[in-house]
Amino acid sequence: MRTLTYILFAALLLLTASDALAQSKLKERDLRGTWEMVIDLEEEIDDDDGPGSRMLLGAINGLLQGVDIQVTFDKDNVMKIVTDGMGDVDVEETEWQIKDGVLYIGKSDSDQ
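None of the values given here were measured: they were computed from a predicted structure.

Criteria and cut-off values
- Residues numbered from 1 in each chain as written.
- Predicted model: local features only at pLDDT ≥ 70, side-chain atom pairs only at ≥ 80, totals over all residues.
- Heavy atoms only, no water.
- Pairing = 2+ DSSP bridges.
- Helix = DSSP H or I, 4+ residues; strand = E, 2+ residues; numbered from the N terminus.
- Core = buried A, V, L, I, M, F, W, Y, C linked by side-chain atoms within 4.5 Å.
- Buried < 20%, exposed > 50% of the residue type's maximum accessible area, 1.4 Å probe, protein only.
- Axes fitted to C-alpha atoms, helices over the stretch in contact; angles between N-to-C directions.
- Polar contact = N/O pair within 3.5 Å; in protein donor to acceptor, adjacent residues only side chain to side chain.

Draft legend 1. Representation of the pairing of strand β5 (residues 102–105) in the model. Across four bridges, strand β4 (residues 88–99) lies against β5 in antiparallel orientation. Residue pairing for β5: Q97 is matched across the bridge by Y104. Hairpin geometry of β4 and β5 is characterised by an intervening segment of two residues between the two adjacent antiparallel strands and by a positive phi of about 50 degrees at D100.

Written out as structure tokens, the structure reads:
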């Protein structure tokens, strides 16, 4: 679960950060602190999707609603990801940095 959570988080963070901050460069002060990740796939379900796609997205969305994810970016460039999935708490740490307005996230301990 650790690696899947880390990969999911990194992908969603990069997609969100690149989309939300496309007009301005990201700065360290913009990220520092603790963030709660909210994933809502209901917005992705389209009337044009087939019933199988809607069921799959609905099931995944239901599973994700039971997982709390908090991310802390500290001033020492250490990122801590805390996931609580149905009572199973996992803590991952990795390095982060911003170069030329782009966020770079290192590998976590479980990925090495």
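Draft legend 2. Seen up close, the nonpolar core. Counting 15 residues, the largest nonpolar core has L31, I69, F73, M79, W96, I98 and L103 as its most contacted members. Element by element, the count of residues in this core is highest for strand β2 (residues 67–73), at four residues.

Draft legend 3. How the structure looks around the sheet that holds β4. Read from one edge of the open sheet, five strands run β1-β2-β3-β4-β5, paired in antiparallel fashion. The outermost strands of the open sheet, each flanked by one partner alone, are β1 (33–37) and β5. Strand-to-strand twist of the sheet, defined as the mean angle between neighbouring strand axes without regard to direction, takes the value 30 degrees. Inspection of the sheet shows β1 paired to β2 by five bridges, in the antiparallel sense. From the neighbouring strand, W35 faces β2, where its bridge partner is V71.

Draft legend 4. The environment of V71, seen in detail. Note on placement: V71 falls in strand β2. Separated by 20 residues in sequence, V71 and V91 have C-alpha atoms that sit 9.8 Å apart.

Draft legend 5. How the structure looks around the environment of K107. Position of K107 among the secondary structure elements: in the segment after β5. The class of K107 is exposed, set by a relative accessible area of 59%. As a C-alpha pair, K107 and E92 span 15 residues in sequence and 9.8 Å in three-dimensional space.

Draft legend 6. Looking closely at the side chain of T94. By the element assignment, T94 lies in strand β4. Assessed through its relative accessible area of 6%, T94 is described here as buried. A polar contact of 2.8 Å, which involves the side chain of T94, links it to the backbone oxygen of K107.

Draft legend 7. Focus on unusual backbone geometry. Unusually for a residue other than glycine, N77 sits at a positive phi of about 60 degrees. You can see N77 is positioned in the loop between β2 and β3 (78–85). For D100, which is not glycine, the phi torsion reads 50 degrees and is therefore positive. Positionally, D100 belongs in the loop between β4 and β5.

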